[in-house]
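# Commentary on secondary and tertiary structure
Below are the chains, spelled out letter by letter.
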Amino acid sequence: MGAPFDLNDDSVVVIIGTGAGGGVLANELAQKGISVVALEAGGRYLPEDYTNDEWDSFGQLAWTEPRSTSGDWRVAKDFSGLPAWIVKAVGGTTVHWAGASLRIQEHEFKALTTYGEVEGANLLDWPITLAELEPYYEKAEKKLGVTRTNGIPGLPGSNNYKVFEAGAKKLGYKHVHTGRMAINSQDYDDRTACQQTGFCFQGCKWGAKWSSAYTDIPRGEATGNLEVRDHCHVAKIEHDKTGKITGVVYFDKDGKSWRQKARVVCVAGNSIESPRMLLNSSSNLFPDGLANSSGMVGKNYMRHMTGSVYAVFDKPVKMWRGTTMAGIISDESRFDASRGFVGGYEMETLSLGLPFMAAFLDPGGWGRNFTSALDGYENMAGMWLVGEDMPQEDNRITLNTDLKDKWGLPVANVNFSDHPNDIAMRNHAYKQGQAIYDAAGATRTFPTPPYPSTHNLGTNRMSEKPRDGVVNKWGRSHDIKNLYVSDGSQFTTGASENPTLTIISLAIRQADHIAEELGKGNL
Amino acid sequence: MKKGNAYLLMSRRELLTRSLVIGGSLVIGAGFVSAPDAAWAMEAQHLKPKTLATLIQLARDIYPHDQIGDEFYVNAIKGYDSKDHVEAIEAGIEDLNKKAGGDYLGLGWEDQRVAVLRQVEDTAFFQMIRGGLVTGLYNQKPVWAIFGYEGESFSKGGYINRGFNDINWL
Ligand SMILES: Cc1cc2nc3c(=O)[nH]c(=O)nc-3n(C[C@H](O)[C@H](O)[C@H](O)COP(=O)(O)OP(=O)(O)OC[C@H]3O[C@@H](n4cnc5c(N)ncnc54)[C@H](O)[C@@H]3O)c2cc1C
Ligand code: SF4
């Protein structure tokens, strides 16, 4: 366990949040001998604590503090108090995640250049290229043990995958396989191979799926350079009169408030809480919130174009058996405006247990049309559609001053409306997804609307020019030099791939950069 | 039954000795509702028995599964037979009856009842009942088995040797 650092120790790097970004950054810095205090709002849960039960697991792990919604997205109607599905625990949403680990493509890093101006969208090129990130993608794939990289074999195909593959091949899709997954197809890095239990979203009880909760975090702690304080909710980031960050104020389990001094602060609370923290830290010097001279904090919220297709067959599939998401078709993940939209999408196998299927198949639906679909549950196959959505300034996180959390802090409101490009892409994806299952012999298919957001991106975006975004290519605030953003909120655009491998690659890269800057005396 | 649970199951004998009134597929007696074959019965503590019977039928009409017995719908709605809910439920059911021309339970065809529900589906009452059923009905473990869902699998070693890839009809 890491040695406890003093509250007045102003030589430490403070990281807020221990998910994909924060958890990895904490370990990477600790491995380099840098002192780190990581503050995590949630508690600690390990594989032995996880449960093979969807609602119980949700109650154990999910962020259920109040949030509010607005905008014309269907989630605001179906799940008005639950805009996003995010974990509140040591390890963050990597406890829930399914493990799909893809690199963003070269052209997607240059969205504005590739797609051109899109009306109503706030597209921008990333300030980094694929070539710059490649060495870090390699490190991240090794860390996670991603299948189909570094000679690691793919996972075996489950029933749900076999149906998906059969339909995809009949339709002529070429890039179809069991995915690049941060799930062990064989023992790797002291973690066992996947036992196909089928509860990847509920925390993998075997530890076969990578999560920072039981890899990076304990390893960082073992160096003696990392102290993780769980049940510690950061309320405010503080600065001195020159604008330099001096530390953070947080509430512990018992509601007591503490001030931890810091040399550097890295914000990694996910794309909803990170901008909320920056906005809640407004001061006389920074009346619009920290790092917000561009006005971009909280704006350009992206959640990926999503949707699902479920299908019923005349014979059993039992999709709940086996990995939740080990199957992908990548053919549609390309730039081809002739389809009626820019950007691309992936199709990935997905299964839900009966309790979640009842809640998510057709939220608000009732009557025989709905129940006859569920009656076919045993014969059902499913896929998730995930594609690039357009950044829009009005899609944003703001403070809801009418709604306070238990510490009296304004909560985040998530405003989102689909861009016409998102809608065109979703319709295309529904059509293709349904065609795949029809080709495999489905008797009925269901174009299922988006769930509460699992991919939350873009609200502190990276930009070349300070006026276009919040942080630079290292995730460092354009305005305040010892303030960093280290999570998915840095994304300039969303790309079509699941985001976490990129979040982790950026965190590894940021650790190198922070170490270098500390070494040079720049921090 | 747990202590403090307001829903007392009666013995079949006790049930059969009381006078029975037929309403829909449920039997409504003085202070209780039961299955026609007396397979189960539930005593109404706060709601009128007829209201309780209507609520059970309403639950089935919202999420009709012919293979699921009434007892699971009863489990899903019994929490409404409480002091806190009695007013809202009696009012909601009264409204339903009014829209049904007097007696929701008296409408023999599901289609007739659904036509009534279409008129109230945006009300807070309907949405409360429907929303509660999503977990109240579908998160009952015995119900999972009816749909074939196998639930927890870690203790059995997952499906690696138990058919995760056993599909044979493709
Ligand atoms: C069901 C599900 C499946 C998914 N599957 C995939 C997948 O297959 N592939 C993929 O790439 N991605 C997947 N994702 C998304 C992935 O989990 C996220 O993109 C990723 O974890 C985000 O990393 P992050 O660092 O931005 O935030 P998180 O991992 O969410 O971590 C943020 C942490 O910050 C903490 N925090 C927030 N506010 C505060 C505060 N004020 N003080 C202290 N701590 C705070 C939170 O409690 C949390 O632990 C999935 C997500 C879900 C929900
Ligand atoms: S299917 Fe594999 S990765 Fe998913 S929870 Fe089970 S063992 Fe873990």
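The shown structure was predicted, so the numbers you read here are calculated from the model rather than taken from an experiment.

### What to know about the sheet that holds strand β16 (residues 444-448) of chain A
Residue and element names in this part refer to chain A. The antiparallel open sheet is built from six strands, whose spatial order is β4-β11-β12-β13-β10-β16. Looking along the sheet, the strands with just one partner apiece sit at the ends: β4 (176-177) and β16. Bridge count for β4 against strand β11 (residues 328-329) is two bridges, and the pairing is antiparallel. In the strand pairing of β11, Val176 is matched with Ile329. With respect to the sheet, helix α7 (residues 159-170) is in contact with β4, β11, β12 (345-349) and β13 (380-387), its orientation differing from that of β12 by roughly 135°. Strand contacts of helix α11 (residues 368-375): β10 (305-312), β13 and β16, with the helix running at about 110° to β16, the strand carrying the most contacts.

### Some thoughts on the environment of Phe370 of chain A
You can see Phe370 of chain A is positioned in helix α11. A sequence separation of 137 residues divides Phe370 of chain A from Ala507 of chain A, and the C-alpha atoms of the two residues are 43 Å apart. Excluding its chain neighbours within four sequence positions, the residues that come into contact with Phe370 of chain A are Ala358, Leu361, Asp362 and Gly365 of chain A together with Tyr63 and Tyr138 of chain B.

### Quick look at the pairing of strand β15 (residues 410-415) of chain A
Residues and elements named next belong to chain A. In terms of residue burial, β15 counts as a mostly covered element, since six of its six residues are buried. Pairing between strand β3 (residues 68-70) and β15: three bridges, direction parallel. Across the sheet, Ser68 pairs through a bridge with Asn413, a residue of β15. Relative to β15, strand β14 (residues 396-404) is paired through six bridges, and the arrangement is antiparallel. Across the sheet, Ile397 pairs through a bridge with Val414, a residue of β15.

### What about the site of ligand 2?
As a matter of local geometry, ligand 2 sits amid Ile183, Cys194, Gln195, Gln196, Thr197, Gly198, Phe199, Cys200, Cys204, Trp206, Lys209 and Thr323 of chain A. Classifying every residue of the shell around ligand 2 by side-chain character gives six nonpolar, five polar and one charged.

### Digging into the sheet that holds strand β6 (residues 233-239) of chain A
Residue and element names in this part refer to chain A. Strands sit in the order β6-β7-β8 across an open sheet of three strands; the sheet is antiparallel. Sheet topology places β6 and β8 (257-261) at the edges, where each strand pairs with a single neighbour. Adjacent strand axes in the sheet meet at a mean angle of 25°, parallel and antiparallel pairs treated alike. Across six bridges, β6 lies against strand β7 (residues 245-251) in antiparallel orientation. Of the residues in β7, the one forming a bridge with Glu238 is Gly247.

### Brief notes about the site of ligand 1
Residue and element names in this part refer to chain A. The immediate surroundings of ligand 1 are formed by 41 residues, with Glu40, Thr93, Ala100, Asn270 and Thr500 found nearest. Glu40 is positioned such that a nitrogen or oxygen atom in its side chain is 2.6 Å from an oxygen atom of ligand 1. A distance of 2.9 Å separates a nitrogen atom of ligand 1 from a polar atom in the backbone of Ala98. When ligand 1 is considered free in solution it has 1000 Å² of accessible area, and contact with the protein chains removes 99% of it. Taken together, the residues of the shell around ligand 1 sort by class into 20 nonpolar, 17 polar and four charged.

### A short note on the nonpolar core
Within the largest apolar cluster, 134 residues are counted, with the highest numbers of intra-cluster contacts made by Tyr310, Phe313 and Tyr437 of chain A together with Leu58 of chain B. Considering each element in turn, this core owes the most residues, seven residues, to helix α2 (residues 49-62) of chain B. Beyond its immediate stretch of four places on either side in the chain, Phe313 of chain A contacts Val163, Asn379, Ala381, Tyr437, Ala440, Gly441, Ala442 and Thr443 of chain A together with Trp169 of chain B. In this structure, Phe5, Leu39, Phe109 and Leu518 of chain A belong to the second largest nonpolar core, which totals 75 residues.

### Looking at the side chain of Glu110 of chain B
You can see Glu110 of chain B is positioned in helix α5 (residues 110-120). In contact with Glu110 of chain B, not counting residues within four places along its chain, are Arg368 of chain A together with Asp61 and Pro64 of chain B.

### Considering the confidence of the model for chain B
All names here are of chain B. For chain B, the average pLDDT comes to 87, and 85% of its residues sit at 70 or higher. Confidence over residues 1-9 falls short of pLDDT 50; this stretch has 15 contacts with residues more than four positions distant or in other chains. Across the interfaces of the predicted complex, the ipTM metric reaches 0.93, alongside a pTM of 0.95.

### Quick notes on the interface of chain B and chain A
One widely used convention gives an interface's size as the accessible area the parts lose upon coming together. Contact with chain B, which involves 40 residues of that partner, is made by 42 residues of chain A. Summing both sides of the interface, chain B and chain A together bury roughly 3600 Å²; the carbon and sulfur share of this comes to 62%. Contact with chain A buries surface across chain B, with Tyr149, Phe164 and Trp169 of chain B losing the most and accounting together for 21% of the total. We note a salt bridge from Arg321 of chain A to Asp166 of chain B, for which the minimum N-O separation is 3.2 Å. Those elements that place two or more of their residues in the side of chain B that touches chain A are α2, α5, α6 (124-136) and α7 (141-147) of chain B.

About the cut-offs
Residues numbered from 1 in each chain as written. Chains lettered and ligands numbered in written order. Predicted model: local features only at pLDDT ≥ 70, side-chain atom pairs only at ≥ 80, totals over all residues. Heavy atoms only, no water. Pairing = 2+ DSSP bridges. Helix = DSSP H or I, 4+ residues; strand = E, 2+ residues; numbered from the N terminus. Contact = heavy atoms within 4.5 Å. Axes fitted to C-alpha atoms, helices over the stretch in contact; angles between N-to-C directions. Buried < 20%, exposed > 50% of the residue type's maximum accessible area, 1.4 Å probe, protein only. Near = heavy atom within 4 Å. Nonpolar A, V, L, I, M, F, W, Y, C, P; charged D, E, K, R; others polar. Polar contact = N/O pair within 3.5 Å; in protein donor to acceptor, adjacent residues only side chain to side chain. Areas by Shrake-Rupley, 256 points an atom, 1.4 Å probe, with all protein chains shown as cover. Core = buried A, V, L, I, M, F, W, Y, C linked by side-chain atoms within 4.5 Å. pLDDT = per-residue confidence, 0-100. Buried area = accessible area lost by both parts, 1.4 Å probe. Salt bridge = Lys/Arg side-chain N within 4 Å of Asp/Glu carboxyl O.

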